[in-house]
Amino acid sequence: MGYALACWQEQARRRAWQAYMAETLRLAGENVARLGGGPYLQTRWTDLLKNKPEETRTPQQVKAHMLQRLRGMG
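Check the secondary structure of the protein chain and you find 3 helices and 0 strands. Ordered by position from N to C terminus, the α and β elements of the protein chain give α-α-α. Against the compact-globule benchmark of 11 Å for 74 residues, the protein chain has a radius of gyration of 19 Å, which places it well outside the compact range. Seen along its three principal axes, the alpha-carbon backbone of the protein chain occupies a region of about 50 × 45 × 25 Å. By element, 60% of the accessible surface of the protein chain is carried by carbon and sulfur atoms, the whole surface being about 7,000 Å².

Written out as structure tokens, the structure reads:
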């Protein structure tokens, strides 16, 4: 039980660090872009992780797609 808790805590720390760094870099880019009048990324990292697009393909389409990608690797 202690090992599972330690693994979960480590994953939580990594997720928090990733979110912190991604938001820091996004805000830095936004500030520079505003000074220069250019475009900037408006989507937050946590929004990307939480709002995954819903799968609309059938299982057969997913299988065919994966097989096609595997063939391309060989």
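Moving on, we get to the pattern of salt bridges. Enumeration according to the criterion identifies 7 salt bridges in this entry. Its salt-bridge partner being R13, residue E10 comes within 3.3 Å of it at the nearest N-O pair. Of the two residues, E10 and R13 are both situated in helix α1 (residues 2–36); the distance of 3 residues between them amounts to about one turn of the helix. Residue R26 is joined to E30 by a salt bridge in which the shortest nitrogen-to-oxygen separation is 3.2 Å. Taken as a pair, R26 and E30 lie in helix α1 at a separation of 4 residues, close to a single helical turn. With a relative accessible area of 14%, R26 lands in the buried category. Members of the salt-bridge network, linked through shared partners, are E23, R26, E30, R34 and R44.

With 35 residues, α1 extends 51 Å between its outermost C-alpha atoms, agreeing within 8% with the 51 Å of an ideal straight helix rising 1.5 Å per residue. Residues of α1 that are buried: E23, R26, E30 and A33.

Calculation criteria
- Residues numbered from 1 in each chain as written.
- Predicted model: local features only at pLDDT ≥ 70, side-chain atom pairs only at ≥ 80, totals over all residues.
- Heavy atoms only, no water.
- Helix = DSSP H or I, 4+ residues; strand = E, 2+ residues; numbered from the N terminus.
- Rg over C-alpha atoms; globule rule 2.2 N^0.38 Å.
- Areas by Shrake-Rupley, 256 points an atom, 1.4 Å probe, with all protein chains shown as cover.
- Salt bridge = Lys/Arg side-chain N within 4 Å of Asp/Glu carboxyl O.
- Buried < 20%, exposed > 50% of the residue type's maximum accessible area, 1.4 Å probe, protein only.
- Expected span 1.5 Å × (residues − 1).

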